[in-house]
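# Secondary and tertiary structure notes
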Amino acid sequence: MKVVLPGGTGQVGTMLDRALTAAGHEVTVITRSPSRAQDIGWDGTTLGPWAEVIDGSDVVVNLAGRSVSCRYTEENLRAMMDSRVDSARVVGEAIAAAARPPRVWLQMSTATVYAHSFDAAHDEATGVIGGSEAGVPDYWAYSVEIARNWERAQTEAPTPATRKVALRSAMVMSPDRGGVFDVLSRLVRLGLGGPVAGGAQYVSWIHDEDFVRAVEFLIDRDDIEGPVNLASPEPLPHRDFMRALRTAWRVPVGLPATRRMAELGAFVLRSDTELLLKSRRVVPGRLSAAGFAFAHPEWGRAAVSLVEQARTGRPGRAAGLVS
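Residues numbered from 1 in each chain as written. Predicted model: local features only at pLDDT ≥ 70, side-chain atom pairs only at ≥ 80, totals over all residues. Heavy atoms only, no water.

Among the nonpolar cores identified, the biggest contains 36 residues, and Leu16, Leu106, Phe211, Leu218, Leu230 and Leu287 are the most heavily contacted of them. Counting residues per element, this core draws most heavily on helix 5 (residues 208–220), at 7 residues. (Core = buried A, V, L, I, M, F, W, Y, C linked by side-chain atoms within 4.5 Å. Buried < 20%, exposed > 50% of the residue type's maximum accessible area, 1.4 Å probe, protein only. Helix = DSSP H or I, 4+ residues; strand = E, 2+ residues; numbered from the N terminus.)

Rendered as structure tokens:
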């Protein structure tokens, strides 16, 4: 199988590249900074010679977009929007122009599209799209708008011969350096892995192995198109999420943080508190209905497996992030 990964040099792309290559597939990565023979350069905005590799491919998984691990300034938010929408648009143009278009286009999206919520979980059928919640920072609505425009660019692409799936991914937990699991684990080992702002906000997550398995599942299932939540079936409150992570690392205490402390920490880390404070209670309605079986459905055991891999330096099946 010929697989093309636009934007495939980040953590998630590296995971997929290694896993699919190990499975015997031919993987080509389209990137702004090509460094290997199987890499092809592009600018993420305009058609070019890179589009030739899409013609005749079997699968395209577009992961391109500016990292969300940054300060949510007006400039950075605009860069997040433009990089996601422009790359999805131009990938659609390349598929539309192909003489032999791929049979499926998986487009990265995000579970952030759903509303900040503490009660009912969001699946694809009944989940509430965010953007109009009361009592949250105004700019959170812009994050939702990014996700909606990202998906719209795929939906509106004129590619009738190619099945399209939007991957509404929760936070991907991987033992690799620099990912969200690595950052949270460092806080835990420093004794700072307590609840933030009370810890009632829900955390939706997916183990890296299940992320790769879900992608493979969706490639094979010709009957599934449109938005699909890639998230564990058991999201849990932040306080319980961090407690399980402390247990996995055998760290008995984690100092709690107030909202103000979280804001200061995010400033130092050049990140944003939305990643910590927004309550994302998302469940995999369509994957579960289609019979997908999670290898790591429960966070406590998933955390133990990830900690073991991180300690021993043994990457999992998926190892080498999009909120």
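Now that the structure has been shown, we can carry on.
Interaxial distance between helix 2 (residues 74–97) and helix 3 (residues 140–155) falls to 8 Å at its minimum, and their mutual angle equals 10 degrees. Looking at the two axes, helix 2 sits roughly parallel to helix 3. Where helix 2 approaches helix 3, its residues Leu77, Arg78, Met80, Met81, Arg84, Val85, Ala88 and Arg89 are matched on the opposing element by Tyr142, Glu145, Ile146, Asn149, Trp150 and Ala153. The residue makeup of the contact of helix 2 with helix 3, split by class, is 9 nonpolar, 1 polar and 4 charged. (Axes fitted to C-alpha atoms, helices over the stretch in contact; angles between N-to-C directions. Parallel < 35°, antiparallel > 145°, perpendicular 65-115°, else oblique. Contact = heavy atoms within 4.5 Å. Nonpolar A, V, L, I, M, F, W, Y, C, P; charged D, E, K, R; others polar.)

This part covers the packing of aromatic side chains. One pair of aromatic rings is described through two measures. These are the centre distance and the angle between the planes. Scanning the model with the defined rule gives 7 aromatic pairs in all. Judged by centre distance (6.0 Å) and plane angle (80 degrees), the ring pair of Tyr72 and Tyr139 falls under edge-to-face. Here Tyr72 is found in the loop between strand 4 (59–62) and helix 2, whereas its partner Tyr139 is found in the loop between strand 5 (104–110) and helix 3, with 67 residues between them in sequence. Over the ring of Trp150 we find Arg84, and its NZ or CZ is 4.8 Å from the ring centre. It is Arg189 that lies over the ring of Trp249; its NZ or CZ is 4.7 Å from the centre. (Phe/Tyr/Trp six-rings, centres within 6.5 Å; stacked < 30°, edge-to-face > 60°. Lys NZ or Arg CZ within 6 Å of the ring centre and 35° of its normal.)

On to the sheet that holds strand 4, then. Spatially, 7 strands are ordered 3-2-1-4-5-6-10 in an open sheet, and the strand pairing comes out parallel. Where the open sheet ends on each side, the last strands, each with one partner, are strand 3 (39–41) and strand 10 (226–230). Between one strand axis and the next, the sheet turns through 25 degrees on average, direction left out of account. Pairing geometry for strand 1 (residues 2–6) and strand 2 (residues 26–31), over 5 bridges, is parallel. In the sheet register, Leu5 faces strand 2, and the bridge partner there is Val29. (Pairing = 2+ DSSP bridges.)

With 96% of its residues at a pLDDT of 70 or more, the chain has an overall mean of 93. Low pLDDT, under 50, characterises residues 316–323; the predicted model gives this stretch 35 contacts beyond four residues in sequence or across chains. (pLDDT = per-residue confidence, 0-100.)

Our focus in this paragraph is the pairing of strand 6 (residues 163–169). The element strand 6 is extensively covered by neighbouring structure, given that 7 of its 7 residues are classed as buried. Across the two faces of strand 6 the burial is the same, with Arg163, Val165, Leu167 and Ser169 and Lys164, Ala166 and Arg168 all buried. Direction of pairing for strand 5 relative to strand 6: parallel, over a ladder of 7 bridges. Paired with Val104 across the bridge in strand 6 is Arg163. Following the backbone out of strand 5, through helix 3 and into the adjacent parallel strand 6, one traces a crossover that is right-handed. (Right-handed = clockwise from strand over helix to strand, strands pointing away.)

This paragraph deals with a nonpolar patch on the surface. A contiguous nonpolar surface patch, about 400 Å² in accessible area, is contributed by Leu190, Leu192, Val253 and Leu255. Here Leu255 is to be found in the loop between helix 6 (238–249) and helix 7 (259–268). (Patch = residues over 30% accessible without salt bridge, like charges linked within 9 Å, V, L, I, M, F, W, Y side chains within 5 Å. Areas by Shrake-Rupley, 256 points an atom, 1.4 Å probe, with all protein chains shown as cover. Salt bridge = Lys/Arg side-chain N within 4 Å of Asp/Glu carboxyl O.)

Further remarks concern helix 5. Helix length check: helix 5 (13 residues) gives 19 Å between terminal C-alpha atoms against 18 Å at 1.5 Å per residue, within 8%. Of all 13 residues in helix 5, 10 are buried, a share of seventy percent or more. (Expected span 1.5 Å × (residues − 1).)

Looking now at unusual backbone geometry. Of note, Ala197 is a non-glycine position whose phi angle comes to about 55 degrees, a positive value. Checked against the element boundaries, Ala197 lands in the loop between helix 4 (180–189) and strand 8 (202–203). In this structure, Arg250 is a non-glycine residue whose phi angle is positive, near 60 degrees. With respect to the helices, strands and loops of the structure, Arg250 is situated in the loop between helix 6 and helix 7.

In this section: the packing of helix 4 against helix 6. Axis separation between helix 4 and helix 6 bottoms out at 10 Å; the angle between their running directions is 70 degrees. Judged on the interaxial angle alone, helix 6 and helix 4 are roughly perpendicular. Judged by residue contacts, Phe181, Leu184, Ser185, Val188 and Arg189 of helix 4 engage Phe241, Met242, Leu245, Arg246 and Trp249 from helix 6. When grouped by side-chain class, the residues that make up the contact of helix 4 with helix 6 number 7 nonpolar, 1 polar and 2 charged.

Tracing the chain through its elements places Glu308 in helix 10 (residues 299–312). Classification of Glu308 by relative accessible area gives partly exposed; the value is 42%. On a C-alpha basis, the gap between Glu308 and Pro175 in space is 8.8 Å, while along the polypeptide they are 133 residues apart.

Attention shifts here to the side chain of Glu124. Relative to the assigned elements, Glu124 resides in the loop between strand 5 and helix 3. Put simply, Glu124 is tucked away with no salt bridge, and the nearest opposite charge, on Arg286, sits 5.4 Å away. A polar contact is formed between the side chain of Glu124 and the backbone nitrogen of Gly285, at a distance of 3.3 Å. Of the polar contacts made by the side chain of Glu124, one reaches the backbone nitrogen of Arg286; its length is 3.1 Å. Each residue touching Glu124, except ones within four places of it in the same chain, is listed here: Tyr114, Pro227, Val228, Asn229, Val283, Pro284, Gly285 and Arg286. (Lys, Arg positive; Asp, Glu negative; His and termini not counted. Polar contact = N/O pair within 3.5 Å; in protein donor to acceptor, adjacent residues only side chain to side chain.)

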